[in-house]
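Coordinate analysis (summary)
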Amino acid sequence: MELKIFNRELSLIGIIDSFSSLIWNRKYNSISEFQLNILFTEENNALLKIDNIIYKDNGEAGFITCKEIKIDDDGAEIIEVKGKFIIGYLERRIIWGCEEINSDVVRASHKLIKNNCIDCIEPRKIPNLIIEDTKEIYSPLIKQVSYENLFDTLSSIAQTNKLGLKVDFDIFNKKLIFKIYKGIDRSIDQKVIAPVIFSREFENIFSQNYIESSNYLKNVALVGGTGEGIERKLTTVGNENGLDRYEIFVDARDISDIRQIENNDGTISEETLADKEYNNLLITRGNEKLSEHYKIKYFDSVINTNSNMEYRKDYDLGDIITFFDKKWDITINTRITEICEVYNNEGLNLNITFGNNVPALIDIIKRR
């Protein structure tokens, strides 16, 4: 495999065609990551600097955030670099001010990027970033957001609507292309294309681990907006009953019920949102928080790359497939949410996560 190395101005500065190992961890709607281990040489050391970009293939690339030079147990000098895919650039921006959205998830996401990375003051612009239009995806969105991390907001919107996010690197035109996409339904429940079934019985899985848990589940939210005491504006999202009901309170006091309007003479006036409009904003916040507190049901599997199905042709990140295990009495249609490509002397190994993984500690902290 050949890895092209670019500086952050997107100019090619070298090529690496030999390395000890590469972990290329692709994620559907969170920031993908990589780790490269390579023998120390002066050339490799010069190429692998913080913020330089590693381009693999298919538009996928990542920038280096961490570098370590060490001596292994055999006395060999090793360079280890870690980093994030290009979409991690969006993590460097916050939403600068208050954004009111009443459109759909695609146009809303595009607006947030344009206002904070492209059509903004020069110091805040992300060079060479453009947006790919996505017309085939539509889901309405009413939302108010201010001063939050840009990527966290985009990721929350994508997770709530089961969409994928990525930024491809066009190495010929030197452009970074933001894209919203939706995985293909390849489950046995659809009749349009040939289904994809992962199962030990079909010998396309080497090993598997299944987890099901309700420890993090919340499915009914009481959302509190502006006001104090009995005057506080409240709304409820979700309608489960009895022991199937897992409640959470969502503090949405930051959502204002006042809208600022710029008049023709340049002055600013204010108007109070209608109760229905403000309630819709609270409902959106409630749905976003509930999407973070899901019932965990996922497989973590090592895939046989020499089986009857070809990676990236028959299945890819974001696709919905069917997972079947007769002995464990499990048949579920689930999305491929993470694919970890591991390259070493033995070739390519694929570790695939199907469904909602156990949230990391940092993710739990962010929700509070």
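Computed from a prediction, not measured in an experiment: that's the story for all the values here.

One pass over the structure, following the stated rule, counts 34 salt bridges. Lysine 56 is paired through a salt bridge with glutamate 341; the nearest N and O atoms lie 3.1 Å apart. Highlighted residues: lysine 56 in strand β5 (residues 53-57) and glutamate 341 in strand β22 (residues 330-344), separated in sequence by 285 residues. Taken as a pair, lysine 56 and glutamate 341 share a single burial class, namely buried. Measuring nitrogen to oxygen at the nearest pair gives 3.2 Å for the salt bridge that ties glutamate 228 to arginine 253. Placement of glutamate 228 in the loop between β15 (220-224) and β16 (234-237) and of arginine 253 in the loop between β17 (247-251) and β18 (258-262) is noted, with a sequence separation of 25 residues between them.

Tracing the sequence through the fold places isoleucine 296 in strand β20 (residues 296-303). Note on isoleucine 296: relative accessible area 1%, which makes it buried. As for isoleucine 296 and histidine 110, which are separated by 186 residues in sequence, their C-alpha atoms are 30 Å apart.

Moving on, we get to helix α2 (residues 105-118). Taking 1.5 Å of rise per residue, 14 residues should cover 20 Å, and α2 covers 18 Å from first to last C-alpha, within 8% of that figure. Buried within α2 are the following residues: Val105, Val106, Ala108, Ser109, His110, Leu112, Ile113, Asn116 and Cys117. Contact partners of the buried residues in α2: β8 (98-104), β9 (129-131), β10 (140-146), α3 (150-160) and β12 (175-181). Measuring from the side-chain oxygen of the N-cap residue of α2 to the backbone nitrogen of valine 106 gives 3.1 Å; that N-cap residue is aspartate 104.

What counts and what doesn't
- Residues numbered from 1 in each chain as written.
- Predicted model: local features only at pLDDT ≥ 70, side-chain atom pairs only at ≥ 80, totals over all residues.
- Heavy atoms only, no water.
- Salt bridge = Lys/Arg side-chain N within 4 Å of Asp/Glu carboxyl O.
- Helix = DSSP H or I, 4+ residues; strand = E, 2+ residues; numbered from the N terminus.
- Buried < 20%, exposed > 50% of the residue type's maximum accessible area, 1.4 Å probe, protein only.
- Expected span 1.5 Å × (residues − 1).
- Contact = heavy atoms within 4.5 Å.
- Polar contact = N/O pair within 3.5 Å; in protein donor to acceptor, adjacent residues only side chain to side chain.

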